[in-house]
Each structure stands twice: as structure tokens, then as C-alpha cells.
Amino acid sequence: MNQPTNSPIQDFLNLYNKERTVWTYQAGVRAFLDCMTGDPPTARGDKSNHNRERYEQKAIEYLNQNRNHGQDLLNFAGSFKDKPPYTARIYMTGVREFLDYHQIELSQRELKLIRRKMPKGKARTQEIRLDADKLRSLFQHMDIKARALFMVLLASGARIGEILQLHLDDVDLSQSPSPVMIRQEYTKNSQQRITFITDEAKAALLEWIKIRQSYLESAVNRNNGLVNKGIGNQKATDDPRIFPYSMTTASYMWQTALKNAGMDSTDKGTKRRQIHPHQLRKHFRTQLGQTQIPVDIIEILMGHEGYLTGSYRTPPDEQTLATYYSQGEQALSLFIREDQNTKNKVQEIEAELQRLREENEALRIAEKSATYQKLLELVKDENKLNKVVELLNKA
């Protein structure tokens, strides 16, 4: 094992550029160190210098000790009995990568025992399905910056980590539907792709862009005080990202909207929220799956290369993708679709009114004709009829 530096955790995390990976691996390593020292599991996502230094010191002390690392990981695996299996696996992966980085190797037997000790199964949290009505209610309780972010997520089918890395020039708002370039450095599989956003997501994004710079300048000023206290990192007013904030801030905005909409609930077993941003991606897949768009096209838009059939191994050009996306835009729209439903109902009512008018006019004409025929029957001679009418007029 190499002699650890003054920042063994940060040195390890510097290997990764994706914020989500950095955050989860950091949380896993911190949870492991807390488990080894018997400390309560706190401050794993805290970015303050104080907690960062505290965990770095814990890591230095652990790495300098003569430990049975296999047994340590077995004990760590045993601490996951109440954790969701997916979270447990991510945490364990982070710790194993951390130890491997510091040249601590485990035997195949130790790894086998650790796998046996890990929680089995898939996600245990019972999610609450997000339908169009729930989504409309949720978006009504968001401010401009949150509404823009999550409407872009909903309309694009992208991962939140990808959207938070988008630059202003990655989206072409002059077109409809507006193409979004998900560059390879943003993606989970390092494969660049094109997706799109709906007109209503575009409208929300344009409103956010109007105030984005003033928000950024205000955020920098607010952050300076935290930096001076050793909490947080320095922000820049020239941040090129469309959404210049962290995953933590995005999660906070989502949770705030859930609470304000009365939709914030947790699973009794896992203690995790039952509605989370990734469900917007699931909604995208479900809604487009109910249209005539080929499944492979949907998978291409979402970046699921591994699900493609042979005929779509080479993705279609942007114009073809845009044409397909346009066919499903109505299914992804929330408020425009509601407006269209209202317009359709108004048109139906107007058509019914027109039918009744025409029917009434026909009855009126028929009634006049019937009255005239009765008079003809009473007075066979039309001349006599005219005289009768003349006498009636004089009376």
C-alpha cells in the first residue's frame, strides 16, 4: 500500500468527472469510515471544509492501521440490513474502488463472502406513480428555475446528471422541437446523442434564461459568505451551464415542490421518498411507448444503446429523430395538452350549437310550409285565397 496523502478521499474522487458518481462514492466511503469508528452516520453529503477535513483524517488513520480489510468489509456489509439493496451495492462498490486505489487488494474468497453478506433483491421502495394530473400539480408549486429544469427533464427523457451539465449552446431553441445535444462527457455510457424538448418545456426554459444571469450573480454574492466560513466552494458568474447549480440544490428544489404540493411521502420500510426525479425519465418512456414511435427510437433518445435491435445500431439522422419525436410531443405535454382538450370541447359545443340552429331553421321553414298547405286545402282557388288574405289585412 502506498503511503496515504493528506487527502486520500479527494485524491480517489478526482478520478471521476460525473457528479453523481462522486457524490455516491463519497457517501459510501464516509459511511464505511463511520462504521469502522462506530460514529453515527452523519454529514456524508456535507461539503463544508470542516467535515471534509474530518473524514480525510479518518481515512488517513484507517489506511495507516494494520487492519483485516476483508473482515472490515464483511462488517460493513452486515450494517446494510435496513438499507435498500441498490444503495448498499453502490456504497460497497465505492469502498472497494477506494481501497483498490490505495492498493489494498482482497482475495477471491473474501469477495465471495462479502457478496453473500450483501442485501439481496432489487429496489424495495414502493414508488407512487406520477400521472399527468400529479405532474401538473407538482409543477404548479415550482419557481421558474425549478420548473425549467424539471420540465426539460420530463420532455427530454435525459438523466438529471446529464441535464445539469448542459451548456447554453447545447440546446437550439430556434427549432421546434428543440434539439438537445447530450455530449459524451455528460453521459453515463460516454456515448453522445441527440434528444429534444417540447414547446412547453422550451417556453419554461426561455423564461428561466431571462433571469438566469441575475440569479447567478445573486448566488455568487450569497455564496461568498459561506466560502468565508469554510462552507462550500467559490461560484463563478461566467458558469456556462444552463442550470448553474449542484445535484444537492436540484434535489432540494424537488423536495420543496413535493412538500408544497402535499405529495411528499416516504416508504415505511426503506424510509426513502416515494416520488423522485428519475420518475420523469420513466414517464417519458411510458408516454412515448403508448404512441406509434418505434421502441428503438425511444431507446436512442434515452441513451439506452444496449437495448437496440440490429437495424438501429447506427442511429438515424437528427431530422428523422425530430420527426419521430414530434409524433409523441402531445403525449409528453402537460399544459398544452390540457389547453388542446379544452379547445376540442369548445369545438364540439360549437358544432352542436350550429346543428341545433340548422335544425331549428328547418323546422321553422317546414312549419310555414305546412300552414300554407292547410290554407290551400281550405280554399282551393288561389285567387280566392288571396282575396281572403286581402280582407284579413283590411280588417
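Residues numbered from 1 in each chain as written. Predicted model: local features only at pLDDT ≥ 70, side-chain atom pairs only at ≥ 80, totals over all residues. Heavy atoms only, no water.

## Some points on the side chain of E200
Piece 1. Examined against the element boundaries, E200 turns out to sit in helix α10 (residues 199-228).
Piece 2. Look at E200: it is buried, it has no salt bridge, and the nearest opposite charge is R147 at 6.6 Å.
Piece 3. Reaching out from E200, the side chain makes a polar contact with the backbone nitrogen of F335 at a distance of 2.9 Å.
Piece 4. Those residues in contact with E200, other than ones at most four positions away along the chain, are M151, L332, S333, L334, F335 and I336. (Helix = DSSP H or I, 4+ residues; strand = E, 2+ residues; numbered from the N terminus. Buried < 20%, exposed > 50% of the residue type's maximum accessible area, 1.4 Å probe, protein only. Lys, Arg positive; Asp, Glu negative; His and termini not counted. Salt bridge = Lys/Arg side-chain N within 4 Å of Asp/Glu carboxyl O. Polar contact = N/O pair within 3.5 Å; in protein donor to acceptor, adjacent residues only side chain to side chain. Contact = heavy atoms within 4.5 Å.)

## Notes on the packing of helix α8 (residues 144-156) against helix α11 (residues 247-260)
Piece 1. Taken N-terminus to C-terminus, the directions of α8 and α11 make an angle of 100°; their axes are 10 Å apart at the nearest point. Judged by the angle between their axes, α8 and α11 are roughly perpendicular. Across the interface between the two elements, K145, A146, L149 and F150 of α8 pack against A250, M253 and W254 of α11.
Piece 2. Along the lines of polarity and charge, the residues of the contact of α8 with α11 split into 6 nonpolar, no polar and 1 charged. (Axes fitted to C-alpha atoms, helices over the stretch in contact; angles between N-to-C directions. Parallel < 35°, antiparallel > 145°, perpendicular 65-115°, else oblique. Nonpolar A, V, L, I, M, F, W, Y, C, P; charged D, E, K, R; others polar.)

## Brief notes about the pattern of salt bridges
Once their charged atoms are close, side chains differing in charge can pair, the charge on each being opposite to the other.
Piece 1. Taken as a whole and judged by the stated rule, the model has 14 salt bridges.
Piece 2. For R241, the salt bridge goes to D239, with nearest N and O atoms at 2.9 Å.
Piece 3. Assessed through its relative accessible area of 22%, R241 is described here as partly exposed.
Piece 4. One salt bridge connects E299 with R285, and the closest N-O pair in it is separated by 3.3 Å. Here R285 lies in helix α12 (residues 278-289) and E299 lies in helix α13 (residues 295-302), a separation of 14 residues in the sequence.
Piece 5. On the basis of relative accessible area, E299 is assigned to the buried category, the value being 7%.
Piece 6. Taking relative accessible area as the criterion, R285 reaches 27% and is therefore assigned partly exposed.

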